[in-house]
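# Geometric and topological summary
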Amino acid sequence: MLSTMFMAPTVVITCECGDTYSGYENGHVVKLRDAECPEYNELGGVWLGPMLNLYYDDPECSGCGGDLSFASL
């Protein structure tokens, strides 16, 4: 996790429901915004670990089941 703190994100993943994630070249994901939990958003991002491949393999929002959008940075 420490190495991810000093990296710039390479992709932003968003959903229609408002959930937002950032992905890093080492495969790690940080959840930046949760549409249904305002307290979560105050944390400034939560590290979810090396799971970027799961978002690419199954591009479906875990919150609402909607399609995810990917934007390279």
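Please refer to the structure placed before this passage.
Summarised in this report is the structure supplied together with it.

About the thresholds
Residues numbered from 1 in each chain as written. Predicted model: local features only at pLDDT ≥ 70, side-chain atom pairs only at ≥ 80, totals over all residues. Heavy atoms only, no water. Phe/Tyr/Trp six-rings, centres within 6.5 Å; stacked < 30°, edge-to-face > 60°. Helix = DSSP H or I, 4+ residues; strand = E, 2+ residues; numbered from the N terminus. Buried < 20%, exposed > 50% of the residue type's maximum accessible area, 1.4 Å probe, protein only. Salt bridge = Lys/Arg side-chain N within 4 Å of Asp/Glu carboxyl O. Pairing = 2+ DSSP bridges.

Counting across every chain of the model gives 2 aromatic pairs. When the ring of Y21 is compared with that of Y55, the centres are 5.1 Å apart and the planes differ by 45°; the resulting orientation is tilted. Taken together, the residues Y21 in strand β2 (residues 20-23) and Y55 in helix α3 (residues 52-57) connect sequence positions 34 residues apart. Residue Y21 is classed as buried on the basis of its relative accessible area, which comes to 2%. Relative to F70, the ring of Y56 has its centre 5.2 Å away and its plane inclined at 25°; by these criteria the two rings are stacked.

This model, assessed by the stated rule, comprises 2 salt bridges. Across the salt bridge formed by D19 and K31, the nearest N and O atoms sit 3.8 Å from each other. Of the two residues, D19 is situated in the loop between β1 (11-15) and β2 and K31 in strand β3 (residues 28-33); the sequence distance between them amounts to 12 residues. For the pair formed by D19 and K31, the shared burial category is buried. The residue K31 makes a salt bridge to D34 at a minimum N-O spacing of 2.9 Å. Here the two residues K31 and D34 agree in accessibility, since each one is buried.

It is a general feature of regular strands that their side chains alternate between the two faces of the sheet. Sheet topology note: the β2/β3 ladder contains 4 bridges and is antiparallel. Within β3, the residue paired with G23 across the bridge is V29. Where β3 and strand β4 (residues 46-50) come together, 4 bridges link them in antiparallel fashion. Each residue of the ladder has a partner; that of V30, found in β4, is W47.

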